[in-house]
Amino acid sequence: VAGSIVPLFWCPWSLTWLGLQATKAYDVGDHQRAIAYYTRVIRKDPRAGWAYYNRGISLLRIGDETAARADFAMASRLDPKLRAPAAEDLTEDAP
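Residues numbered from 1 in each chain as written. Predicted model: local features only at pLDDT ≥ 70, side-chain atom pairs only at ≥ 80, totals over all residues. Heavy atoms only, no water.

Side note on the confidence of the model for the protein
Rules: The predictor attaches a confidence to each residue, called pLDDT, with possible values from 0 through 100. Numbered from the N terminus, helices here are DSSP runs of H or I no shorter than four residues, and strands are runs of E no shorter than two.
On average, residues of the protein score 85 in pLDDT, and 78% of them are at 70 or above. The element-level mean pLDDT for the protein is lowest in helix α1 (residues 2-9), coming to 50, with helix α3 (residues 31-44) highest at 97.

Observations concerning the pattern of salt bridges
Condition: Salt bridges are defined as contacts in which a side-chain nitrogen from Lys or Arg sits within 4 Å of a carboxyl oxygen from Asp or Glu. Each residue gets one of three labels from its accessible area relative to the maximum for its type: buried under 20%, exposed over 50%, partly exposed in between, using a 1.4 Å probe on protein chains only.
Counting across every chain of the model gives 3 salt bridges. One salt bridge connects D30 with R33, and the closest N-O pair in it is separated by 3.5 Å. Overall, R33 belongs to the partly exposed group, its relative accessible area being 35%. For E65, the salt bridge goes to R69, with nearest N and O atoms at 2.4 Å. Remark: R69 and E65 occur in helix α5 (residues 65-78); sequence separation between them is 4 residues, near one turn of the helix. With a relative accessible area of 42%, E65 lands in the partly exposed category.

Some thoughts on the packing of helix α4 (residues 49-61) against α5
The criterion, for reference: To obtain each axis, a line is fitted to C-alpha atoms, and for helices this fit is confined to the stretch in contact; angles are then taken between N-to-C directions over 0 to 180 degrees. Any angle that falls under 35 degrees is termed roughly parallel, while one over 145 is termed roughly antiparallel, one within 65 to 115 roughly perpendicular, and all others oblique. Crossing handedness: left-handed means the near helix sits turned counterclockwise from the far one by under a right angle, and right-handed means the same turn made clockwise. Contact criterion: two residues are considered in contact whenever any of their non-hydrogen atoms come within 4.5 Å of each other.
Contact geometry of α4 with α5 gives a least axis separation of 8 Å together with a crossing angle of 160°. The angle between α4 and α5 falls in the class roughly antiparallel. Classified by chirality, the crossing of α5 by α4 is left-handed. Along its contact with α4, which presents G49, Y52, Y53, R55, G56, I57, L59 and L60, the element α5 presents E65, A67, A68, D71, F72, M74, A75 and L78.

Focus on the nonpolar core
Let me state the cut-off plainly: Here, the term nonpolar core denotes a set of buried Ala, Val, Leu, Ile, Met, Phe, Trp, Tyr and Cys residues that are joined through side-chain atoms within 4.5 Å.
If you look at the biggest cluster of nonpolar residues, it comprises 22 residues, and the most contacted ones within it are A51 and Y53. Elements with a minimum of two residues in this core: α2 (15-27), α3, α4 and α5. Looking at which element gives the most residues to this core, the answer is α3, with 6 residues.

See below:
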């Protein structure tokens, strides 16, 4: 039974798999790739506030503040607990 469940969660078209790939890319500083994966999550689930938020952080990391602000605003609309991070939380030392 467990063997039949695993492919549903760990296939390239699942939100779980896409989110994991985005996180892995972010963790190694590959923000372009992380943005691409978060964008795929958003296309599959436009109500995924966490994906907008995380994509916003990666957008800030590559210097696209305008797009990042739009993503943070959308994340906040979808999930009021998600707010734009404070500037001091986004230092260059962070991943």
